[in-house]
Each structure stands twice: as C-alpha cells, then as structure tokens.
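Report on the structure
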Amino acid sequence: MSSVDVIALLKQYLPLLIPIVLIELGLMIVALVDVIRRAQTNGPKWMWVLIIILINLIGPIVYFIVGRKEE
C-alpha cells in the first residue's frame with residue numbers, strides 16, 4: 001500500500017473516527033474524575049483506573065455499571 005493510498009483512506013475515514021475518539025476520551029475523563037472523587041468503589045481504585053485507561057471504550061462503561069459504589 002503506497003503512502004497515497006494511506007492518505008486517501010485517512011481522508012475517507014477521519015470524519016468517522018473523530019467522533020468515536022472524542023466520545024472515548026470524554027468517557028475516560030469522566031470515569032477517571034468519578035473514581036478520584038468517589039470515597040469508595042467496588043474494588044480497589046487503582047484497579048478501576050487501570051481498567052478505564054487500558055480497556056479504552058469498554059473500560060469506562062464497565063466502571064459505571066459495576067465499579068461505582070452508591071453512597
């Protein structure tokens with residue numbers, strides 16, 4: 001695949017990728033802020049931080065469903 005093909009693919013798919021990346025970053029930031037501010041979580045906080053950061057889009061969703069401990 002030549003560099004011209006790669007550039008053409010980027011131009012074609014970039015408008016689709018930008019919203020996905022922004023949603024992913026937004027979810028990650030909101031989840032990390034919530035972990036830091038919350039007094040207790042279901043499991044250690046360091047584990048949730050790693051899950052949120054390393055498992056990209058699904059990590060923050062799993063945290064919001066399972067990891068939050070209602071006060």
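One structure accompanies this document, and this report is about it. Worth saying up front: this structure is predicted, and the values here are computed from it rather than measured.

**Here we look at the packing of helix 1 (residues 3-37) against helix 3 (residues 58-67)**
- Direction vectors running N to C along helix 1 and helix 3 enclose 40°, while the axes themselves pass 9 Å from each other. Overall, the two elements helix 1 and helix 3 adopt an arrangement that is oblique. At the point where helix 1 passes helix 3, the crossing takes the left-handed sense. Here Leu27, Met28, Val30, Ala31, Asp34 and Val35 of helix 1 come into contact with helix 3, specifically with Pro60, Ile61, Tyr63 and Phe64.
- Looking at the contact of helix 1 with helix 3 residue by residue, the class counts come to 9 nonpolar, no polar and 1 charged.

**Description of the nonpolar core**
- Formed by Met28, Ala31, Val35, Trp48, Ile52 and Tyr63, the largest nonpolar core amounts to 6 residues.
- Counting residues per element, the ones that place at least two in this core are helix 1 and helix 2 (45-54).
- Top contributing element to this core by residue count: helix 1, with 3 residues.
- Those residues in contact with Tyr63 that sit more than four places away from it in its chain are Ala31, Asp34, Val35, Arg38, Thr41, Trp48, Ile52 and Arg68.

**Side note on the packing of aromatic side chains**
- In this structure the tally under the stated criterion is 2 aromatic pairs.
- Ring plane angle 55° and centroid distance 5.4 Å describe the contact between Tyr63 and Phe64, whose orientation is recorded as tilted.
- With a relative accessible area of 26%, Phe64 lands in the partly exposed category.
- Put simply, the rings of Trp48, Tyr63 and Phe64 touch in pairs and so form one group of aromatic residues.

Parameters and conventions
- Residues numbered from 1 in each chain as written.
- Predicted model: local features only at pLDDT ≥ 70, side-chain atom pairs only at ≥ 80, totals over all residues.
- Heavy atoms only, no water.
- Axes fitted to C-alpha atoms, helices over the stretch in contact; angles between N-to-C directions.
- Helix = DSSP H or I, 4+ residues; strand = E, 2+ residues; numbered from the N terminus.
- Parallel < 35°, antiparallel > 145°, perpendicular 65-115°, else oblique.
- Left-handed = near helix turned anticlockwise from the far one by under 90°.
- Contact = heavy atoms within 4.5 Å.
- Nonpolar A, V, L, I, M, F, W, Y, C, P; charged D, E, K, R; others polar.
- Core = buried A, V, L, I, M, F, W, Y, C linked by side-chain atoms within 4.5 Å.
- Buried < 20%, exposed > 50% of the residue type's maximum accessible area, 1.4 Å probe, protein only.
- Phe/Tyr/Trp six-rings, centres within 6.5 Å; stacked < 30°, edge-to-face > 60°.

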